[in-house]
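Single-letter residue listing:
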Amino acid sequence: QVQLVESGGGLVQAGGSLRLSCAASGRTFSNAMGWFRQAPGKEREFVAGIRWSGGNTYYEDSVKGRFTISRDNAKNTVYLQMNSLKPEDTAVYYCAARHGSSWFQGIVSNAHEYHYWGQGTQVTVSS
């Protein structure tokens, strides 16, 4: 079992920055991590993914150039640095872990490919 705990959400003005953290504990065998978000009335959507080994990454188009996903293998922690935030980035952000080793964007961005989820952290961007 893997436990994931997110932190770092909050309220920020448009153009500001936040850094989310996701600490993994328990049986930490997983090949990759992802960040997803869900805004009110909308489906959960992929934001970014990263492999523990090698650090390969994928990003959703709307966050490319603004968000950076990274990991600290020694701390079993994944980060999401969010810069130039926009009101449309407002959502609950979730981190997730997957066992699968396949690394294709269609798989990495699919929420059904992830086995463990955190409780979520709210990010609110005011205009």
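Up top you'll find the structure we're talking about.
One structure accompanies this document, and this report is about it. (Residues numbered from 1 in each chain as written. Predicted model: local features only at pLDDT ≥ 70, side-chain atom pairs only at ≥ 80, totals over all residues. Heavy atoms only, no water.)

Glancing now at unusual backbone geometry. The residue Asn76 is not glycine, and still its phi comes out positive at about 50°. With respect to the helices and strands, the residue Asn76 is situated in the loop between strand E7 (67-72) and strand E8 (77-82). By relative accessible area, Asn76 is classed as partly exposed at 27%. Positive phi values are uncommon outside glycine, yet Ser84 reaches one of about 50°. By the secondary structure assignment, Ser84 is in the loop between E8 and strand E9 (91-98). (Helix = DSSP H or I, 4+ residues; strand = E, 2+ residues; numbered from the N terminus. Buried < 20%, exposed > 50% of the residue type's maximum accessible area, 1.4 Å probe, protein only.)

What follows is about the sheet that holds strand E1 (residues 2-7). Read from one edge to the other, the open sheet built from four strands follows the order E1-E3-E8-E7, with strand pairing classed as antiparallel. A single partner strand is all that each edge strand has here, and the edge strands are E1 and E7. Geometrically, the sheet is characterised by an average inter-axis angle of 15° between neighbouring strands, direction not taken into account. (Pairing = 2+ DSSP bridges. Axes fitted to C-alpha atoms, helices over the stretch in contact; angles between N-to-C directions.)

Among the secondary structure elements, Asp89 is positioned in the loop between E8 and E9. Its relative accessible area of 1% is what places Asp89 among the buried residues. Separated by 2.8 Å, the side chain of Asp89 and the backbone nitrogen of Lys86 make a polar contact. Those residues in contact with Asp89 that sit more than four places away from it in its chain are Arg37, Arg66, Phe67, Ser84, Val123 and Val125. (Polar contact = N/O pair within 3.5 Å; in protein donor to acceptor, adjacent residues only side chain to side chain. Contact = heavy atoms within 4.5 Å.)

Here we come to the state of the cysteines. Within this structure, the stated rule accounts for one disulfide. Cys22 shares a disulfide with Cys95; S-S distance 2.0 Å. Between Cys22 and Cys95 the disulfide shows an S-S torsion of about 55°. By sign, it is right-handed. Of the two residues, Cys22 sits in strand E3 (residues 18-26) while Cys95 sits in strand E9, which places them 73 residues apart along the sequence. Comparing Cys22 with Cys95 shows no difference in burial state: the two are buried. (Disulfide = S-S within 2.5 Å.)

Attention shifts here to the pattern of salt bridges. Where charged atoms from two side chains of opposite charge come close, those side chains can pair. What the rule picks out here adds up to four salt bridges. With a closest N to O distance of 3.1 Å, Lys64 and Asp61 form a salt bridge. For Arg66, the salt bridge identified is with Asp89, shortest N-O distance 2.8 Å. Of this pair, Arg66 sits in the loop between strand E6 (57-59) and E7 while Asp89 sits in the loop between E8 and E9, placing them 23 residues apart in sequence. (Salt bridge = Lys/Arg side-chain N within 4 Å of Asp/Glu carboxyl O.)

Purely geometric stuff here, so don't read any function into it on its own.
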